[in-house]
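Here is how the chains run, residue by residue.
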Amino acid sequence: MEKFMLIDGNSIIYRAFFAMQQPMTTSSGMHTNAVYGFTNMLLRLLEEEKPTHVMVAFDAGKITFRHSNYQDYKGGRQKTPPELSEQFPLLKDLLTAFGISHYQLEGYEADDIIGTLSLHAEQKGCEVIVISGDKDMLQLASEHVKIGLTRKGVSDIEAYGPAEVQERYGLTPAQIIDLKGLMGDASDNIPGIPGVGEKTALKLLHQYGTVEEVLEHTSELKGKMKEKIETHADDARMSKELATIFREVPFEATWDSMKYEGIQAATAVSALQKLEFKSILQRLDLSSAAPDGVLDHLDLDEAAGQQAEELAVTVIGEEEIAQLEAALPQIDVVHIESRGDNPHHASLVGIVLSAPDQYFFLTPETLKSEAAAPIRSWLADESIPKDGHDLHRADLVLFWDDIPFAGARFDIQIAAYLLDPTDSGQSLSVLAGRSGLPQLPEDETVFGKGARYKVPEADVLSLHLARKTATIRQLVPLQREQLEQNEMTSLFVDLEMPLSRILADMEKQGVAVNADELRALGKEFEGQINKLVTQIYELAGTAFNLNSPKQLGEILFERLGLPVDKKTKTGYSTSADVLEKLAPYHEVVQLILNYRQLAKLQSTYVEGLLKEIHPKSGKVHTYFRQTITATGRLSSQFPNLQNIPIRLEEGRKLRKVFVPSEQGWSMLAADYSQIELRVLAHISDDPRLKDAFLHDMDIHTKTAMDVFGVDREQVDSNMRRSAKAVNFGIVYGISDYGLSQNLDITRKEAAEFIAQYFDVFQGVRRYMDDIVTEAKKNGYVKTMLERRRYLPEIRSSNFNLRSFAERTAMNTPIQGTAADIIKLAMVHMDKALKDRKLNSRMLLQVHDELVFEVPADEMEEMKTLVPQVMKEALQLAVPLKADVSYGSNWYEAK
DNA sequence: GGATTCACG
DNA sequence: ACGTACGTGAATCCA
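Residues numbered from 1 in each chain as written. Chains lettered and ligands numbered in written order. Predicted model: local features only at pLDDT ≥ 70, side-chain atom pairs only at ≥ 80, totals over all residues. Heavy atoms only, no water.

**So, the overall build of chain A**
In step 1: When helices and strands are counted, chain A shows 37 helices and 27 strands.
In step 2: By principal-axis analysis of the C-alpha atoms, chain A measures approximately 100 × 75 × 60 Å.
In step 3: When burial is assessed residue by residue, chain A has 52% of its 894 residues classed as buried.
In step 4: Intrachain contacts of chain A at a sequence separation of at least 6 include 67% that bridge at least 24 residues.
In step 5: Accessible area of chain A: about 41200 Å², with a carbon and sulfur share of 49%.
In step 6: A gap of 5 Å separates the mean positions of the 98 positive and 132 negative side-chain charges of chain A. (Helix = DSSP H or I, 4+ residues; strand = E, 2+ residues; numbered from the N terminus. Buried < 20%, exposed > 50% of the residue type's maximum accessible area, 1.4 Å probe, protein only. Contact = heavy atoms within 4.5 Å. Areas by Shrake-Rupley, 256 points an atom, 1.4 Å probe, with all protein chains shown as cover. Lys, Arg positive; Asp, Glu negative; His and termini not counted. Charge placed at Lys NZ, Arg CZ, Asp CG, Glu CD.)

See below:
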């Protein structure tokens, strides 16, 4: 059987060039990195695919037939860097030396040559494999034509036949050009329809099949999409044409000239020597050359696998479960691999359980099988301690697969976060490298990223996951020691690890959302938005994209000639504070502000929240992240439930849709009052600040009295507002400039305020000075519970960097200690609910607030218990205060 | 994918 | 003189 390998020379050499970060030159200074990458891939493909015929196709000339139809074709493309262009002749020479044919034809692209040849070859019953990095090629896939697309540079090839195209896109190969027609291709400057990306394009094609059919049925579409598609119908048709590979190139080379019979050793060696490719020369076992000087057998066994120590991985199928069961008593490290950012929607990929020197791999199917029941009970057993990486996530992923998980003891992701919260997004691979452990490939290398993610074969997968597990196993004692040295063991063991489990419980519980009411709110907003849009277009004298700051800026500052106050990197600033100043000049400005507000509520909260209602529970399940923030706070994703509107009434209404999940229950919310300023009073030991809280005074009024030297009765609303801004500024690490911006006063006035403040609150001034000094000395600052944040830039000679670090040094102990306190309260609250056998559930944390759902018969108890636990979370030199409220929904609990 | 804007504490 | 308030996440535009 003949097998024809067609390589898209341009595409591959480009990818090879950009995949190799380091420049690589011969001793004479000739760049060779792209040729090197290409050659490595070529040799591997020759060995793996064993083709009988090979051809490398290149683009020729600058003008192709496509340009005569569309002048801008490839217009957006960056000019080829000279370091790359000079490598084309080198590559062609090398191919010739190897005895591999290459071809180009004036007026055509490599795509067209490959399209034509693959068609010819297929018609004569030959198997074809096309190698390219360009997804356009997928249109050529057929029963006998496979498309090998490069993944991750050029190191990996993924083969697509029609079935794989179907699986990946839900399209036939012929529909790939329709896909391009709709979504375009920025790299070729194919326009497509603006605003239509892959997702929208696929949705349309799944419904209508082709570009033409989509255009035929625009009447069935609605909204902006309809508008866009109708106005850009011609672009779509033209884009489809541009994306279509031409398969009738007049071709002269003969079938025999493309025959591949092994590498011509003699010429290959001298060419490789010229390029100084020593490692390739070594790898090609030249002694195996046949008498005729042809290398028909390439020995390319790479040196890989030598660095990483060989692990004993046992793949556990249903038959081997007994073997695993016997080892369970020794197992203390688990790794749960999952796919997807949102753990509530992620899928299990594989599981490794490990005892010292032993690694057992299970597929998700095996873990879910009846035979694996003992393994599942082991996972669920809270009394069996388990170490791992991101066990919080593992818990959630398993939960949605109905596999309970408990007993997390040492989570190395949390440990890494505590050891350096600003450097915690690090992969296991990076952590391994830094600790001098054996190399671990990045997940991206093994799985591919984004749309190219693909679970590899079982042997590759099990080995990779076992290596990750081995890394975890080795990191645990190292981190334990470092935590101990930093006196953070208690923070880790008594606070963060218990909290991790509590957060997972809260997330699994979820918050019930009244979807009908949310949709009704959406209707209201929609009506108001439509009205505003009409009015704004009328006042502006033209329609434009209100969501585009660029277009809005042009309207306001050029068409309407309003004064420019602030600029951004890219143009005029149109942010709310700028617009507010412009409001008196033109009535359209206020309408725009109103539009912005409503559009935000609609897109982020109404539409965004509706999308997040989980199909299995009908609730929203946020994902609290414990290892993100630099200060120790939590963050919340998918959806973010820590930024639900409250400040303005229109938005605040959204809180009405957050309701108890059971009949007759209520929502209860309790929030700390002025926790950060109380923490500051404690840390700074400032007598006046402490005194204010000891007497539970209105802190902003009291600040105004002290700073302005007046009686309570003389404090007007403006003075209180200024004092409040100063208090905020103090917490943030004050600067006159920042305060002046916030209060819209001059810098000088702001500086005077600050000076007066520090005159009165001298303890605060001393704290600010001391903490900056301490940070400079140690390189880090700490919270009351020994949480650290490193501030290397505090020693910078760059004013900006240093100032930023100084403000951070002032703010982090305050914000971070407040975070410590509410985390403590959560741990204590969880225990109190259990001890008292209450059914009330903790649902949310919003930095200084905890939200619960509470059955009617527990309300009395909870009303006092929650604020009490919060107040007593940590003993300070001033009392903590927590206000509690409740109602039939989150809005009413105010 | 970066920049802008805006929701929260 | 320098030119930013501290900490987040999501939607949208646009190159």
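**Remarks on the protein's contact with DNA strand B**
In step 1: By nearness alone, 22 residues border DNA strand B, and A576, R596, K600, I646 and D848 come closest of all.
In step 2: Here a phosphate oxygen of DNA strand B and a side-chain polar atom of T568 are 3.1 Å apart.
In step 3: Residue contributions to the surface near DNA strand B peak at three residues, all from helix 27 (residues 587–611).
In step 4: For the surface near DNA strand B, a count of residues per class yields seven nonpolar, nine polar and six charged. (Near = heavy atom within 4 Å. Polar contact = N/O pair within 3.5 Å; in protein donor to acceptor, adjacent residues only side chain to side chain. Nonpolar A, V, L, I, M, F, W, Y, C, P; charged D, E, K, R; others polar.)

**Remarks on unusual backbone geometry**
In step 1: Here the bond from F638 into P639 is cis, since omega is 0°, no more than 30 degrees from zero.
In step 2: Note on placement: P639 falls in the loop between strand 20 (635–637) and helix 28 (649–652).
In step 3: Here D390, not a glycine, exhibits a phi torsion of approximately 60°, which is positive.
In step 4: Residue position: D390 is located in the loop between strand 13 (386–388) and helix 18 (391–400).
In step 5: For D390, a relative accessible area of 11% gives the class buried.
In step 6: Of note, H847 is a non-glycine position whose phi angle comes to about 70°, a positive value.
In step 7: Along the chain, H847 falls in the loop between strand 25 (841–845) and strand 26 (849–855).

**Thoughts on helix 19 (residues 412–419)**
In step 1: Across the eight residues of helix 19, eight count as buried, placing the element largely inside the fold.
In step 2: With a side-chain oxygen lying 2.8 Å from the backbone nitrogen of Q413, the N-terminal cap of helix 19 falls on D411.

**Some details on the domain arrangement of chain A**
In step 1: By domain assignment, chain A separates into domain 1 (3–170 + 246–256), domain 2 (304–510) and domain 3 (514–620).
In step 2: Each of domain 1 and domain 3 was reduced to a C-alpha centroid, and the two centroids are 47 Å apart. (Domains from an automatic or database assignment.)

**Observations concerning the protein's contact with DNA strand C**
In step 1: By nearness alone, 36 residues border DNA strand C, and S548, S635, R747, F799 and F804 come closest of all.
In step 2: At a separation of 3.2 Å, a phosphate oxygen of DNA strand C approaches a polar side-chain atom of R807.
In step 3: In terms of residues, the surface near DNA strand C owes the most to one element, helix 36 (residues 799–835), which gives seven residues.
In step 4: For the surface near DNA strand C, the residue count by class is nine nonpolar, 21 polar and six charged.

**Thoughts on the UniProt feature "domain: DNA-directed DNA polymerase family A palm" (unreviewed entry) in chain A**
In step 1: According to UniProt, the feature "domain: DNA-directed DNA polymerase family A palm" (unreviewed entry) maps to residues 651–858 in the numbering used here.
In step 2: Between the first and last C-alpha atoms of residues 651–858 the distance is 30 Å; the span itself is 59% helix and 13% strand. (UniProt positions renumbered as here; feature names shortened; annotations may be inferred.)

**Observations regarding the nonpolar core**
In step 1: By size, the foremost hydrophobic cluster in this structure holds 142 residues, and its most contacted members are F658, F852 and M862.
In step 2: Residue contributions to this core peak at 14 residues, all from helix 36.
In step 3: Each of domain 2 (304–510) and domain 3 (514–620) accounts for three or more of the residues forming this core.
In step 4: Filtering out sequence-adjacent residues up to four positions away, F658 remains in contact with V511, A512, V513, L609, V620, L641, I644, M667, N889 and W890.
In step 5: Core analysis: the next-biggest nonpolar cluster, separate from the first, contains 48 residues, L6, A110, I113 and L171 among them. (Core = buried A, V, L, I, M, F, W, Y, C linked by side-chain atoms within 4.5 Å.)

**Some details on the packing of aromatic side chains**
In step 1: Tallying each qualifying case throughout the model produces 15 aromatic pairs.
In step 2: Considering the side-chain rings of Y108 and F246, the 5.8 Å spacing of their centres and the 15° angle between planes classify their relative orientation as stacked. With Y108 in the loop between strand 3 (101–103) and helix 6 (110–123) and F246 in the loop between helix 12 (233–243) and strand 7 (263–264), the pair connects residues that are 138 residues apart, well separated along the chain.
In step 3: Here Y108 falls in the buried class, since its relative accessible area comes to 18%.
In step 4: Between F399 and W400, the ring centres sit 5.0 Å apart and the planes meet at 75°, which makes this aromatic pair edge-to-face.
In step 5: The class of W400 is buried, set by a relative accessible area of 11%.
In step 6: Through pairs of rings, three or more aromatic residues link up here, namely Y757, F758 and F761.
In step 7: In this structure, K92 is placed above the aromatic ring of F58, and the distance from its NZ or CZ to the ring centre is 4.8 Å. (Phe/Tyr/Trp six-rings, centres within 6.5 Å; stacked < 30°, edge-to-face > 60°. Lys NZ or Arg CZ within 6 Å of the ring centre and 35° of its normal.)

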